[in-house]
Amino acid sequence: MHSLYEIETTVKRSSKAKGLSWGVSEEVGKAIRELEQSNLAGMESFRRVIDIGLDNLTKLLQIDQKKTNNLCPIHFGLYFLDQSHKKSLLNVFNFENLIEPLISLPFLFKAAKKNLIYFNLKSNDFNFSISPGGFILLDANQLPQSLSEFSLSITNKREGLYSQGTWDNLYKLSLETFVEESEEKKLSGAGAGLTDND
């Protein structure tokens, strides 16, 4: 299993290698780290988005845009993180299709907390609510009033919910952000240079 730092760094570099800006790539790295830290399969979800191709997904750029099928979960989440302070967004909006919605959750959590707002997503497949306190409620109408014969497990061990193949694929992709070492590159300022000044 890889550390959360390794996961965040690899996802960040993989995102950059696929054409996202460093700022967006950093946000994606943090989001996937949060999902993995919460024992949710963020790495596998991210790999599926990369396999589909970011260019094959629709970016949410305006809340009233016509095309909302195959929405990119990264840009969907970032849109609400960046824009949810606007009172005009306190409304109900309909979208056609969101790919890998799990990736959007950390962005929506941040937006809810930052702006003291609530998100309630309803579809035929899934319902959830996010509050500013960081609570998530799944299918609220199906929660029992009491629990019988249940167990509670408490641990400080995080499970790795991604395959070694996913790690290898994303790590290899992340290496594309490295600059090949050469004397010319060192002289032009790439890498550590000729002297170590740490």
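Trainee: It is not clear to me how the nonpolar core should be interpreted in this structure. Could you clarify?
Mentor: A general trend in soluble globular proteins is that nonpolar side chains are found buried together. Ranked by size, the top nonpolar core spans 39 residues in total, and within it Ile7, Ile32, Met43, Phe46, Ile74 and Phe119 carry the most contacts. Tallying contributions element by element places helix α4 (residues 73-83) first for this core, with six residues. When sequence neighbours within four positions are dropped, the list of residues in contact with Ile32 reads Ile7, Val11, Gly42, Met43, Phe46 and Ile103.

Trainee: Honestly, the pattern of salt bridges in this entry has me stumped. Any pointers?
Mentor: Side chains that carry opposite charge are capable of pairing whenever their charged atoms lie near each other. Across all of its chains, the model carries five salt bridges by this definition. One salt bridge connects Arg33 with Glu8, and the closest N-O pair in it is separated by 3.0 Å. In this pair, Arg33 sits in helix α2 (residues 22-37) while Glu8 sits in helix α1 (residues 4-17), placing the two residues 25 residues apart along the sequence. According to the relative accessible area criterion, Arg33 is partly exposed, its value standing at 26%. In this structure, Arg47 engages Asp51 in a salt bridge whose closest nitrogen and oxygen atoms are separated by 2.7 Å.

Trainee: Any chance you could explain the packing of helix α3 (residues 42-52) against helix α6 (residues 164-174) here in plain terms?
Mentor: A packed helix pair is summarised by two numbers, namely the angle formed by the two axes and the spacing between the axes. Contact geometry of α3 with α6 gives a least axis separation of 10 Å together with a crossing angle of 55 degrees. Accordingly, the angle class assigned to the pair α3 and α6 is oblique. Handedness of the crossing formed by α3 with α6: left-handed. For the pair α3 and α6, the contacting residues are Met43, Glu44, Phe46, Arg47 and Ile50 in the first and Thr166, Trp167, Leu170 and Leu173 in the second. Its residues placed into classes, the contact of α3 with α6 shows six nonpolar, one polar and two charged.

Trainee: Help me understand α1, please; the structure alone is not making it clear to me.
Mentor: Look at α1: 20 Å from first C-alpha to last across 14 residues, which is about the 20 Å you get at 1.5 Å a residue. Of the positions making up α1, those classed as buried are Leu4, Ile7, Glu8, Thr9, Thr10, Val11, Arg13, Ser14 and Ser15. Against the buried residues of α1 lie α2, α3 and α6. Phi for Gly19, located one or two positions after α1, is positive at around 105 degrees.

Trainee: Would you mind showing me how to read the layout of surface pockets here?
Mentor: To find leftover empty space, a probe the size of one water molecule is rolled over the atoms. Taken as a whole, the largest pocket holds about 1,200 Å³ of empty space. Lining the largest pocket are 37 residues; nearest its centre among them are Phe76, Asn120, Leu121, Lys122 and Phe128. When contributions to the lining of the largest pocket are tallied by element, the ones reaching two or more residues are α2, α4, α5 (105-115), β1 (119-122) and β3 (136-138). The class makeup of the residues in the lining of the largest pocket is 25 nonpolar, seven polar and five charged.

Trainee: I keep staring at the pairing of strand β2 (residues 127-130) and nothing clicks. Help me out?
Mentor: Look at any regular strand and the pattern is simple: side chains alternate between the two faces of the sheet. Of the two faces of β2, the one lined by Phe128 and Ile130 is fully buried and the one lined by Asn127 and Ser129 carries no buried residue. With four bridges joining them, β1 and β2 adopt antiparallel strand pairing. Bridge pairing links Asn120 to Ser129 in β2.

Trainee: Could you clarify how one ought to interpret unusual backbone geometry in this entry?
Mentor: For residues other than glycine, phi is negative in most cases, and the peptide bonds are mostly trans. Positive phi, close to 50 degrees, is recorded for Asn70, a residue that is not glycine. If you trace the backbone, Asn70 turns up in the loop between α3 and α4. Take Asn70: its relative accessible area is 33%, and that puts it in the partly exposed class. The phi torsion at Glu100 lies on the positive side, around 45 degrees, for a residue other than glycine. Secondary-structure assignment places Glu100 in the loop between α4 and α5. Overall, the relative accessible area of 18% leaves Glu100 in the buried class.

How each quantity is defined
- Residues numbered from 1 in each chain as written.
- Predicted model: local features only at pLDDT ≥ 70, side-chain atom pairs only at ≥ 80, totals over all residues.
- Heavy atoms only, no water.
- Core = buried A, V, L, I, M, F, W, Y, C linked by side-chain atoms within 4.5 Å.
- Buried < 20%, exposed > 50% of the residue type's maximum accessible area, 1.4 Å probe, protein only.
- Helix = DSSP H or I, 4+ residues; strand = E, 2+ residues; numbered from the N terminus.
- Contact = heavy atoms within 4.5 Å.
- Salt bridge = Lys/Arg side-chain N within 4 Å of Asp/Glu carboxyl O.
- Axes fitted to C-alpha atoms, helices over the stretch in contact; angles between N-to-C directions.
- Parallel < 35°, antiparallel > 145°, perpendicular 65-115°, else oblique.
- Left-handed = near helix turned anticlockwise from the far one by under 90°.
- Nonpolar A, V, L, I, M, F, W, Y, C, P; charged D, E, K, R; others polar.
- Expected span 1.5 Å × (residues − 1).
- 1 Å grid on protein atoms, 1.4 Å probe; cavity = no way out; pocket = protein on both sides within 12 Å on 5 of 7 lines; lining within 4 Å.
- Points joined across faces, edges and corners; volume = space filled by probe spheres on them.
- Pairing = 2+ DSSP bridges.

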